[in-house]
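What the coordinates show
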Amino acid sequence: MVGGAVFERRPRGVEPNALGEVLLRRARLVLVELQQAAAELNGLRSGSGGAVAIGAVTAPAVDAVMRAVEAMQRDTPGLQVTVEVEPSARLIEGLRRGRLDLALARIPAGVQAGELDYREVGEEELCFLVQDAHPLLGRERIGLADLLGFTWLLEPAGSLLRQAVEMLFARHGLPMPGRVINTASILLNLAALGRGDAVSVVSAPVAAMLGAQGRFRRLPPLREAEFFAVSPYGLIRMRDRPLSPAAARLQAVLEPMLFGVRDTGIVMSKG
């Protein structure tokens, strides 16, 4: 049918050639569709309401995604929902492999945006989080230099949040803090914050959730950073892959929470 060989024998075994790679890529998509069909059929037979998987960077997962999931499960108690919280690159890979139906993420550099539907939500606001007895909380105005003497809890080098912090210090001609603990673990962040006068950088929704518990508070806006944010994120799905009924319902519930009455037309990211 192809008109030529699709595999070639190499020193390390049999590998697909260029024709084989095309067939493999399409076959993976077919398998994803069959798996989704099986999940929908099983859901109809059992009356469970189906299954849906969504991924998100931290702030959207804490806020809009959880509100949408809770609303859907009130109407469909048997619905099986999977929520993954990962960096954008992993979420986009999950979309492409069919592991995820939807994602709230950014389109990483090097990804072909043409295969994605991207609806921009907005910037992700960041803030500085400390324990509720931190000595800086008594001040009305704080400068970036006032934070240099404290231990900082930051995501590892190369992460989007870490780059935003580094650029903030660089723009104002200041060195990075001398004491930095590099970790992506929110549990380690909270443990370290609760034990001393450390400073952590988190998204505004995460700070609001933790602040409601009474142990942590966000610092007042810095003189140098009245609004501190990282690049915009959006609601993403595969352009050529139809959503399952459960995923379509989740998107319908989620969109008003994300966009309100604003125009939610598709906007292609420049990466």
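Fair warning: this is a prediction, and the values are worked out from it, not measured in the lab. (Residues numbered from 1 in each chain as written. Predicted model: local features only at pLDDT ≥ 70, side-chain atom pairs only at ≥ 80, totals over all residues. Heavy atoms only, no water.)

Taken together, the buried positions of helix α6 (residues 204-211) are occupied by Ala-204, Val-206, Ala-207 and Leu-210. Take α6 and look down its axis: the buried residues cluster within an arc of 160°, on one side only. Elements that come into contact with the buried residues of α6 comprise α2 (58-75), β6 (116-131), α5 (186-195), β9 (199-203) and β10 (216-218). (Buried < 20%, exposed > 50% of the residue type's maximum accessible area, 1.4 Å probe, protein only. Helix = DSSP H or I, 4+ residues; strand = E, 2+ residues; numbered from the N terminus. Arc of directions from axis to C-beta. Contact = heavy atoms within 4.5 Å.)

Checked against the element boundaries, Ala-37 lands in helix α1 (residues 18-46). Ala-37 sits 207 residues away from Ser-244 along the chain, and the two C-alpha atoms are 8.3 Å apart.

Let's shift gears to the pattern of salt bridges. Tallied over the entire structure, the rule returns 13 salt bridges. A salt bridge links Arg-96 to Glu-115; the nearest nitrogen and oxygen atoms lie 3.1 Å apart. Note that Arg-96 is positioned in helix α3 (residues 88-96) and Glu-115 in the loop between β5 (102-105) and β6, a separation of 19 residues in sequence. Looking at Arg-96, the relative accessible area reads 36%, which means it is partly exposed. Residues joined by salt bridges that share partners form a network here, namely Glu-8, Arg-10 and Glu-15. (Salt bridge = Lys/Arg side-chain N within 4 Å of Asp/Glu carboxyl O.)

Below, the discussion takes up a nonpolar patch on the surface. Taken together, the side chains of Met-1, Val-2, Leu-19 and Leu-23 define a hydrophobic patch exposed on the protein surface, amounting to about 450 Å² of accessible area. By the element assignment, Leu-19 lies in helix α1. Owing to a relative accessible area of 41%, Leu-19 belongs among the partly exposed residues under this scheme. (Patch = residues over 30% accessible without salt bridge, like charges linked within 9 Å, V, L, I, M, F, W, Y side chains within 5 Å. Areas by Shrake-Rupley, 256 points an atom, 1.4 Å probe, with all protein chains shown as cover.)

The next thing to look at is the packing of aromatic side chains. Evaluated as defined, the whole model comprises three aromatic pairs. With a centroid separation of 5.8 Å and 80° between ring planes, the pair formed by Phe-128 and Trp-152 is classed as edge-to-face. Of this pair, Phe-128 sits in strand β6 while Trp-152 sits in strand β7 (residues 152-154), and the two are 24 residues apart along the sequence. The class of Trp-152 is buried, set by a relative accessible area of 0%. (Phe/Tyr/Trp six-rings, centres within 6.5 Å; stacked < 30°, edge-to-face > 60°.)

With respect to the secondary-structure elements, Leu-136 resides in the loop between β6 and β7. Along the sequence, Leu-136 and Leu-219 sit 83 residues apart, while their C-alpha atoms lie 7.5 Å from each other. If sequence neighbours within four positions are ignored, Leu-136 has contacts with Ile-142, Asp-146, Leu-147, Phe-150 and Leu-219.

Core analysis: the biggest nonpolar cluster contains 23 residues, and Phe-128, Leu-147, Trp-152, Val-165, Val-201, Leu-219 and Phe-228 have the highest contact counts within it. Where this core is concerned, the elements lending two or more residues are β6, β7, α4 (160-171), β9 and β11 (228-238). The greatest single-element share of this core, amounting to five residues, is contributed by α4. Ignoring any residue separated from it by four or fewer positions in sequence, one finds Val-201 in contact with Leu-126, Cys-127, Phe-128, Trp-152, Leu-153, Leu-154, Leu-161, Val-165 and Phe-228. Residues Val-65, Ala-68, Ala-247 and Leu-254 belong to the second largest nonpolar core, which totals 21 residues. (Core = buried A, V, L, I, M, F, W, Y, C linked by side-chain atoms within 4.5 Å.)

Moving on to the packing of α2 against helix α7 (residues 245-259). At a closest axis distance of 9 Å, the pairing of α2 and α7 adopts a crossing angle of 130°. Looking at the two axes, α2 sits oblique to α7. At the point where α2 passes α7, the crossing takes the right-handed sense. Contacts from Ala-64, Val-65, Arg-67, Ala-68, Val-69, Ala-71 and Met-72 of α2 reach α7 at Ala-246, Arg-249, Leu-250, Val-253, Leu-254, Met-257 and Leu-258. Taken together, the residues of the contact of α2 with α7 break down into twelve nonpolar, no polar and two charged. (Axes fitted to C-alpha atoms, helices over the stretch in contact; angles between N-to-C directions. Parallel < 35°, antiparallel > 145°, perpendicular 65-115°, else oblique. Left-handed = near helix turned anticlockwise from the far one by under 90°. Nonpolar A, V, L, I, M, F, W, Y, C, P; charged D, E, K, R; others polar.)

Contact geometry of α2 with α6 gives a least axis separation of 7 Å together with a crossing angle of 60°. Viewed along their axes, α2 and α6 adopt a mutual orientation that is oblique. Facing α2, whose interface residues are Thr-58, Ala-59, Val-62 and Asp-63, α6 presents Pro-205, Val-206 and Met-209. Looking at the contact of α2 with α6 residue by residue, the classes come out as five nonpolar, one polar and one charged.

Turning next to the environment of Phe-228. Along the chain, Phe-228 turns up in strand β11. Expressed as a C-alpha distance, the spacing of Phe-228 and Gly-4, which sit 224 residues apart in the sequence, is 56 Å. With residues up to four places along the chain from it excluded, the contact list for Phe-228 reads Glu-124, Glu-125, Leu-126, Phe-128, Ala-164, Val-165, Leu-168 and Val-201.

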